[in-house]
Amino acid sequence: MATFLHRLGRFAFRRRHVVALVWVALLTLAGVGAAGAPAAGSASFSIPGTEAQRAFDLLEQRFPGMSADGATARVVFKAPSGRKVTAAEQKAVVEKTVGELRDGSEVVSVADPFTAHAVSKDGTVAYAQVKYEVSGMELKNTSKDALKAAAQHARDGGLTVEVGGDALAAVPETGATEVIGIAVAAVVLVITFGSLVAAGLPLLTALVGVGIGVSTITALADVLDLGSTTSTLAMMIGLAVGIDYALFIVSRYRAELAEGRDREEAAGRAVGTAGSAVVFAGLTVVIALAGLAVVNIPMLTKMGLAAAGTVAVAVLIALTMIPALLGYAGRRVKPAGEKSRLLGGRRTTAARNRPNMGARWASFVVRRPLAVLLLGVIGLGAAAVPASSLELGLPDDGSQPTSTTQRRAYDLLSEGFGPGFNGPLLVVVDAKASDDPKAAVTTVTNDIKRLGNVTTVTPATYNKSGDTAMITVIPGSKPSSATTEDLVHGIRAKGAGITADTDAKLLVTGTTAMNIDVSQKLNDALIPYLVLVVGLAFLLLIVVFRSILVPLKAALGFLLSVTAALGAVVAVFQWGWLAGLLGVEQTGPIMSMMPIFMVGVVFGLAMDYEVFLVTRMREAYVHGENPGQAIVTGFQHGARVVTAAAVIMIAVFSGFIGSSESMIKMIGFGLAIAVFFDAFLVRMALVPAVLALLGRRAWWLPRWLDRALPNVDVEGEALRTSADEERRDPDEDQDRELARV
């Protein structure tokens, strides 16, 4: 592989005009496609194989006019203190508002609270349910403005009015912190390279790669049903890895220049060596992201594949566009150890040859490996403690900031109708095979009423043919509580008996039931996903490092870092530690897909640092250094760059903490803290400590396996051998030939 990539790097350097033109053309093509595509909204959410999804599909089939995918709004009214909404004056205001709501062009139906029994027992709170033809993201601005205007008119009439539901859903915003993250990355690159030009190359190529990836996602969003979160995730990961991959190749190019090679050869060798590490690091990320398909949740699969595609583009750009731009930059990119005149001029040879901070740190760890290992494991273990109280759920209006009208509507409904009203359960009775459908539905209703934690069971609503019924059950507890989950399982447990007695089928759906099924599905998929992703990456790393223990150590270190990161997420978003500092207005259960998503993404990113750092150690070991010295040499060449890459990735991910959407905010924080733990505690401390304790055993590989594995030559040994042959004196070859004769 090193030889092929070496030729690719030299080709891109020589044919830089062609390479640059190809990437500009691809960016332009993707941009034109994105410009002509409709804006991405919320992707349709389905969970194949779950009871909640089967019930939802049945409803769409048996109740075709319900517009199940349409947006909803709950306009909640509260009377002034000491009064009731049923009083003549307040009732008139509510009825006038209901009339205004019905005038909307996209409105399917509006339920009058006084005829739909949507008034609280004490008469202080009422709500009107509004149903629309299209989803919240597809609603016209005129419909949203009409909804807001109707609510404001009711407020002017003396009522407290808030609007819940997804009708007022907005596209999430990331805020200025994303720009700050990129600015921090730029500063780190300038400090690392000591050159504005060299620092600008990774930023430029990363932006091109992200531009192609995100524009392609935007262009295909409507066709492939991709939500706005998909492009945000692709931007987050693509930007981080794009900068990092380019950083490693530019750094290796400068090191090759410092060894006296001409610029074209230096570009070829940089791509042949660091580029090999980029390919395998990128493969681990792609495997981890694409492996999310194992969970069988279409939205999660699409997010993973879209992000994986953006990472693949970042790898290709690093291998081709970076050497092309290095050709354009010429002498403006200095050899390692030299700075541009603007940033202090050239350093002396003595200064370049002194051990740097990375080498000094590695020497310290090699001398005291056991102490460093114990301190690192204890520290990560302490950070992981909160993960033991992890509670999972999907965000609803109750997780919104208290400043939003959706959250205030949620609180008003809880106050007027009880905590379970915001998470009603929808029981679907399929009585098509029953001899007496109504009797079967009556049996179901009576059985549910006898269960605990049930506040209300509404009368059944039948479809036109009378063979299917919907029953709404209001729990006595809030949607995310364990008692509500027990109620869902209790109703479902009645299903077998109902079928045996009446031949009717009982299914439970609704947002709360859907959340429970999602959490269960994700929990069930976690172990198979770990086995698949970690197993494939483990085999890949065996090929790269030609070792058994090094990949095993890498996987165990990843488990430590991801568990510690989950602990930090729980501490902030569930317990509320530092919540105000990070702009977390509402604490609550952790998003259900967060653990498996973090496992996938963090594993891929963790293997990046493992590959980049440890390949330099193996390179030194293969070339004759003892294990301890190889660790120091690896840190001498790689620690500064890996540190810069980690800081850049942390800065980029932290930029998304400013997002207005809790899901993006949580992902940004989780990935940023995970990279911190993995790069600075696991890879910079635990890895050299474990390798120092293992010594030569770290690089052990059974001979039969060594013969069976393909030689990918990540260390660039073929390039070194080729260079030695080129430098060999022809007379020496002739003397050796004569000696053999």
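Scroll up to find the structure this text is about.
I will try to describe carefully the structure that is included in this document. (Residues numbered from 1 in each chain as written. Predicted model: local features only at pLDDT ≥ 70, side-chain atom pairs only at ≥ 80, totals over all residues. Heavy atoms only, no water.)

This brings us to the environment of P401. Of note, P401 is situated in the loop between β5 (392–393) and α14 (405–417). In this structure, the C-alpha to C-alpha distance between P401 and E585, residues 184 residues apart in sequence, is 5.2 Å. Those residues in contact with P401, other than ones at most four positions away along the chain, are R407 and E585. (Helix = DSSP H or I, 4+ residues; strand = E, 2+ residues; numbered from the N terminus. Contact = heavy atoms within 4.5 Å.)

A separate point is α14. End to end, α14 covers 18 Å across 13 residues, agreeing with the expected 18 Å (1.5 Å per residue, within 8%). Within the span of α14, buried status applies to T405, Q406, R407, A409, Y410, L412, L413, G416 and F417. Of the surrounding elements, those touching the buried residues of α14 are β1 (72–78), β3 (125–132), α5 (141–156) and β4 (160–165). (Expected span 1.5 Å × (residues − 1). Buried < 20%, exposed > 50% of the residue type's maximum accessible area, 1.4 Å probe, protein only.)

Our focus in this paragraph is a nonpolar patch on the surface. A surface patch of nonpolar side chains, about 320 Å² in accessible area, is lined by V294, L532, L536 and L539. By secondary structure assignment, the location of L539 is in helix α18 (residues 511–545). Residue L539 is classed as exposed on the basis of its relative accessible area of 52%. (Patch = residues over 30% accessible without salt bridge, like charges linked within 9 Å, V, L, I, M, F, W, Y side chains within 5 Å. Areas by Shrake-Rupley, 256 points an atom, 1.4 Å probe, with all protein chains shown as cover. Salt bridge = Lys/Arg side-chain N within 4 Å of Asp/Glu carboxyl O.)

Attention now moves to the pattern of salt bridges. This model, assessed by the stated rule, comprises 20 salt bridges. Between R683 and D678 there is a salt bridge; the shortest N-O distance is 2.8 Å. A relative accessible area of 1% means that R683 is categorised as buried. Taken together, the shared-partner salt bridges connect R10, R14, E264, E265 and R269 into one network.

Assignment of secondary structure puts D678 in helix α22 (residues 662–694). We classify D678 as buried; its relative accessible area is 1%.

Here we come to helix α1 (residues 2–14). Here α1 spans 18 Å end to end across 13 residues, near enough to the 18 Å set by a 1.5 Å rise per residue. Among all positions in α1, only A2, L5, H6, G9, A12 and F13 are buried. The buried residues of α1 occupy one face: seen down the axis, they fall within an arc of 130 degrees. Set apart from the buried face of α1 by more than 90 degrees, the exposed residues are F4 and R7. (Arc of directions from axis to C-beta.)

The phi torsion at H117 lies on the positive side, around 55 degrees, for a residue other than glycine. When you line up the elements, H117 lands in the loop between β2 (107–111) and β3. The backbone of L578 shows a phi angle near 55 degrees, a positive value even though the residue is not glycine. By the secondary structure assignment, L578 is in the loop between α19 (549–574) and β11 (590–591). Relative accessible area serves as the criterion here: at 58%, L578 is assigned to the exposed category.

The analysis is restricted to geometry; functional conclusions fall outside its scope.
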